[in-house]
Amino acid sequence: MIRRILFSVLAIAFAFAQEVAPPVPPAPLAPPVVATGAAPVITTEKPGSNLSIFPTRLVLEGRSRSEEIVLRNSGKAAATYRILFKEMEMNENGEIQERPRKEGEITAADLIRFSPRQVELAPGETQTVRIQVRKPEGLVDGEYRSHLLFQAVPVAEPPAPLGGEVERALSVKITTLLGMSIPIILRHGETQGKLAISELRFWRPGPKVTPGAPPVLSLRMTREGNRSLSGAFTAVVESGGKLKKGTLLWELPVVPIYTSMPWRNVHMPMYQGKNGELNGARVKITCTPVDFKGAPIVAYLDIPA
């Protein structure tokens, strides 16, 4: 008798893709959101994975030897989450992708211990994950990064009863294993970095590529040094056009660039310029350092009439 065989194919869903590089325009994004100054909380949106994580990015430097991450089950059913380190890298468009470890490489996963490794949360319940730094002697100055993955463990289903007759068909069940990862960054010794922006341009996606898409303000964010950098971007009307001076066109509270990349693209959809309101306008772009000392970087872009 051939028994029915159930296979589960595990797939991890990662978030963190933000923009798409030209010439292919980014997918339509939500309207601008003004930052309130409060630290963000990641909440998964798919059913069965209602996990909130705070903070969404953890940096350990200086005398910091321990930190905490708070998890909360915001769903209506109990859930189990497995916690593990993954190595991720950023590409030129800011997308975060899993990568293999290099031979002899040291990452944050080698320098940090955490507990627990798995949590079970009832609806509305919270759990603290404790992070502890363990640096060996002779560690080279610089930045070490890994991503901590919180992976939903699906509820096991009982096997289906066998029928009276022999079943010769093979039954395959696919289960999606959802997950959310946050960067864990450890800085040791002397680290320094310099941020700059360049190659500003204003372009309008063609209707055949993305129907109804707004025009886009694009720029290149560059990094120097041995540490990752983050900047907060705003784009406002400086003069000209049909919009009032000082009108906020777009805001990106935190745009990171990791040590694996010397530069990345940043795109800001201009929803308020869909009908030509920005024609002939001068737009002021400001990049304010988020996690390092430095003066705001200001640039201007003149949009053709």
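Sequence order sets the numbering: in each chain, residues are counted from 1 along the sequence as written. Under the rules for a predicted model, residues below a pLDDT of 70 receive no local features and side-chain atom pairs below 80 are neither given nor counted, while totals for whole chains, interfaces and linings still include all residues. Side-chain measures were taken over the full set of non-hydrogen atoms in the model, leaving aside hydrogen atoms and water.

Side note on unusual backbone geometry
Both trends apply: most residues other than glycine have a negative phi, and most peptide bonds are in trans. Here Phe 54 and Pro 55 are connected by a cis peptide whose omega angle stands at 0°. A run of H or I in DSSP counts as a helix once it spans at least four residues, and a run of E counts as a strand once it spans at least two, with each numbered from the N terminus. Secondary-structure assignment places Pro 55 in the loop between β3 (51-54) and β4 (58-60). In the segment running from Ser 115 into Pro 116, the intervening peptide bond is cis, with an omega of 0°. Along the polypeptide, Pro 116 turns up in the loop between β9 (112-115) and β10 (118-121). A positive phi is found at Glu 199, a non-glycine position, where the angle reads about 55°. Within the secondary structure, Glu 199 is located in strand β14 (residues 193-203).

As for the packing of aromatic side chains
The description of an aromatic ring pair rests on the distance of the ring centres and on the angle between the ring planes. In this analysis, rings of Phe, Tyr and Trp, with Trp reduced to its six-membered ring, are considered paired at centre separations within 6.5 Å, and the interplanar angle assigns stacked below 30 degrees, edge-to-face beyond 60, and tilted for intermediate values. Per the stated rule, a full pass over the model turns up two aromatic pairs. Seen in terms of ring centroids, Phe 85 and Phe 114 are 5.4 Å apart; in terms of plane orientation they differ by 85°. Their pairing is edge-to-face. Residue Phe 85 is found in strand β6 (residues 79-86), and its partner Phe 114 is found in strand β9; the two are separated by 29 residues along the sequence. Note on accessibility: Phe 85 and Phe 114 belong to one class, buried. Consider the rings of Trp 250 and Tyr 271, whose centres lie 6.3 Å apart with planes at 35°: the pair is tilted. Of the two residues, Trp 250 is situated in strand β17 (residues 248-257) and Tyr 271 in the loop between β18 (263-269) and β19 (282-289); the sequence distance between them amounts to 21 residues. Two conditions define a charge located above a ring, namely a distance within 6 Å from the ring centre to NZ of Lys or CZ of Arg, and an angle within 35 degrees of the ring normal. In this structure, Arg 117 is placed above the aromatic ring of Phe 114, and the distance from its NZ or CZ to the ring centre is 4.1 Å. In this structure, Arg 145 is placed above the aromatic ring of Tyr 258, and the distance from its NZ or CZ to the ring centre is 4.1 Å. Only protein chains enter the calculation, and the probe is 1.4 Å; a residue is then buried if its accessible area is under 20% of its type maximum, exposed if over 50%, and partly exposed in between.

Re the sheet that holds strand β16 (residues 229-239)
Pairs of strands are assigned from DSSP output, requiring at least two bridges between the strands. Taken in spatial order, the four strands make up an open sheet running β17-β16-β19-β20, and their pairing is antiparallel. Single-partner strands in this sheet number two, and they are β17 and β20 (297-302). Recorded for the sheet is a direction-independent mean angle of 20° between the axes of neighbouring strands. Sheet topology places β16 next to β17; seven bridges connect them, and they run antiparallel. What sits directly across from Thr 234, in β17, is Glu 251. Only the contacting stretch of a helix is used when fitting its axis, a line to C-alpha atoms as for every element, and angles between N-to-C directions run 0 to 180 degrees.

Considerations on the side chain of Asn 265
With respect to the element layout, Asn 265 can be found in strand β18. Among the residues examined, Asn 265 registers a relative accessible area of 11% and is labelled buried. A polar side-chain atom of Asn 265 sits 3.0 Å from a polar atom in the side chain of Asn 93. What qualifies as a polar contact is a pair of N or O atoms within 3.5 Å, subject to a donor-acceptor requirement within protein and to the restriction that residues adjacent in sequence count only when both atoms come from side chains.

As for the confidence of the model for the protein chain
Confidence scores here are pLDDT values: one per residue, from the predictor, ranging 0 to 100. When pLDDT is averaged along the protein chain, the result is 81; 75% of the residues meet or exceed 70. Residues count as neighbours in contact if any of their non-hydrogen atoms are within 4.5 Å of one another. Contacts from residues 1-48, a stretch scored under 50 in pLDDT, to residues over four places away or in other chains number 114 contacts.

A look at the environment of Asp 302
Relative to the elements of secondary structure, Asp 302 occurs in strand β20. On the basis of relative accessible area, Asp 302 is assigned to the partly exposed category, the value being 49%. Sequence separation of Asp 302 and Glu 238 is 64 residues, and the distance between their C-alpha atoms is 9.7 Å. If near-sequence neighbours (up to four positions away) are discounted, Asp 302 is found in contact with Ala 281 and Arg 282. Side chain to side chain, Asp 302 and Arg 282 meet in a polar contact 2.7 Å long.

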